[in-house]
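# Summary of structural features
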Amino acid sequence: NHRPERGRRLATAPRRPPKPPPPSRLLVQVTATVVALLATHAALSFTEHPWLLPSLGGSCVILLGMPRGIMAQPRSFFGGHLLSTTIGIFCRIGHASIGGPIAFWLALAVGLALAAMALTRSIHSPAGANPVVVFAENADFSFILAPLVPGLATLFLVTFIANNLPRPWGAGPWPRFSMRRQGSA
């Protein structure tokens, strides 16, 4: 008679995927995404950098489609985008200064962005595209002030409102914050 080691779980049947959201929540997700991206597009139209929109579109999917997930929390959303963009700018400057294949520098930027997000526990997968945008736009550090910060602020505001609507419209409360007590037994 073979027993599993203590603390190890037996293999179980795969879990069923979660039920789809109710139609009211889907309507909010679609509407909030449209509003957030149109508002962001309007804000970005005043800058020289319109190509940030794709990664922010990916952020809408996570913030509104998976609001309970760790990647949908402010730490990951803001931290991931800021880290990835900053690293992308440093690598673009490195390429301009040192030279070499642009593909290497671009791949390095995305890899370093992933490492930085992992080390700071702020992984937000759409932010991984930001170094690509930085290279495509030939962006410098002013890119952080415009268009990145206004784009992030717009998405956060729309998401905050949409996710905190009363149920069944909202996912609320969002963002979720861990309230673990430190040192209590």
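Please read all numbers here as calculations on a predicted model, not as lab measurements. (Residues numbered from 1 in each chain as written. Predicted model: local features only at pLDDT ≥ 70, side-chain atom pairs only at ≥ 80, totals over all residues. Heavy atoms only, no water.)

Helix and strand counts for the protein chain stand at six helices and zero strands. With 185 residues in all, the protein chain has 37% of them scored as buried. Across the protein chain, contacts joining residues at least 24 apart in sequence account for 73% of those joining residues at least 6 apart. With the model as given, the accessible surface of the protein chain reaches about 11600 Å², and the carbon-plus-sulfur share is 68%. (Helix = DSSP H or I, 4+ residues; strand = E, 2+ residues; numbered from the N terminus. Buried < 20%, exposed > 50% of the residue type's maximum accessible area, 1.4 Å probe, protein only. Contact = heavy atoms within 4.5 Å. Areas by Shrake-Rupley, 256 points an atom, 1.4 Å probe, with all protein chains shown as cover.)

Of all hydrophobic cores here, the largest spans 24 residues; its most connected members are Leu52, Leu63, Phe143 and Leu155. Breaking this core down by element, the ones donating at least two residues are helix 1 (23–44), helix 2 (53–65), helix 3 (74–98), helix 5 (130–137) and helix 6 (142–163). Residue contributions to this core peak at seven residues, all from helix 6. Once residues within four sequence positions are removed from consideration, Phe143 is found in contact with His49, Leu52, Thr85, Ile89, Val133, Val134 and Leu148. Residues Ile87, Trp105, Ala116 and Phe135 belong to the second largest nonpolar core, which totals six residues. (Core = buried A, V, L, I, M, F, W, Y, C linked by side-chain atoms within 4.5 Å.)

Moving on: the packing of helix 1 against helix 6. Two elements in contact, helix 1 and helix 6, have axes separated by 9 Å at closest approach and are oriented at 160°. Taken together, the axes of helix 1 and helix 6 are roughly antiparallel relative to one another. Like other packed secondary-structure pairs, helix 1 and helix 6 cross with a definite hand, here right-handed. Across the interface between the two elements, Arg25, Val28, Ala32, Val35, Ala36, Ala39, Thr40 and Leu44 from helix 1 touch Pro147, Gly151, Thr154, Leu155, Val158, Ala162 and Asn163 from helix 6. Among the residues forming the contact of helix 1 with helix 6, the class breakdown is 10 nonpolar, four polar and one charged. (Axes fitted to C-alpha atoms, helices over the stretch in contact; angles between N-to-C directions. Parallel < 35°, antiparallel > 145°, perpendicular 65-115°, else oblique. Left-handed = near helix turned anticlockwise from the far one by under 90°. Nonpolar A, V, L, I, M, F, W, Y, C, P; charged D, E, K, R; others polar.)

Turning to a nonpolar patch on the surface, a few remarks are in order. On the surface, a nonpolar cluster with roughly 560 Å² of combined accessible area is contributed by Leu27, Leu157, Phe160, Ile161, Leu165 and Trp169. Tallying contributions element by element places helix 6 first for the nonpolar patch, with three residues. Turning to its location among the elements, Phe160 is positioned in helix 6. We classify Phe160 as partly exposed; its relative accessible area is 37%. (Patch = residues over 30% accessible without salt bridge, like charges linked within 9 Å, V, L, I, M, F, W, Y side chains within 5 Å. Salt bridge = Lys/Arg side-chain N within 4 Å of Asp/Glu carboxyl O.)

Taken as a whole and assessed by the stated rule, the structure comprises six aromatic pairs. Each ring, one from Phe78 and one from Phe156, has its centre 5.3 Å from the other, and the planes form 45°; the classification is tilted. Of this pair, Phe78 sits in helix 3 while Phe156 sits in helix 6, and the two are 78 residues apart along the sequence. Phe156 gets classed as partly exposed once you look at its relative accessible area, which sits at 22%. Their ring planes at 80° and their centres at 5.9 Å tell us that Phe104 and Trp105 sit as a pair that is edge-to-face. (Phe/Tyr/Trp six-rings, centres within 6.5 Å; stacked < 30°, edge-to-face > 60°.)

Put simply, helix 4 (residues 102–119) and helix 5 touch, their axes get as near as 8 Å, and they point 145° apart. Classified by chirality, the crossing of helix 5 by helix 4 is right-handed. Contacts between helix 4 and helix 5 involve Ile102, Trp105, Leu106, Ala109, Val110 and Ala113 from the first element and Pro131, Val132 and Phe135 from the second. The residue inventory of the contact of helix 4 with helix 5, partitioned by class, reads nine nonpolar, no polar and no charged.

Our next topic: the side chain of Thr159. Summarising the element assignment, Thr159 is placed in helix 6. Of the residues examined, Thr159 reaches a relative accessible area of 0% and is grouped as buried. There is a polar contact of 2.8 Å between the side chain of Thr159 and the backbone oxygen of Leu155. With residues near it in sequence (within four places) discarded, Thr159 still touches Leu63, Leu64 and Trp174. (Polar contact = N/O pair within 3.5 Å; in protein donor to acceptor, adjacent residues only side chain to side chain.)

Read these as layout, nothing more, since geometry by itself doesn't imply function.
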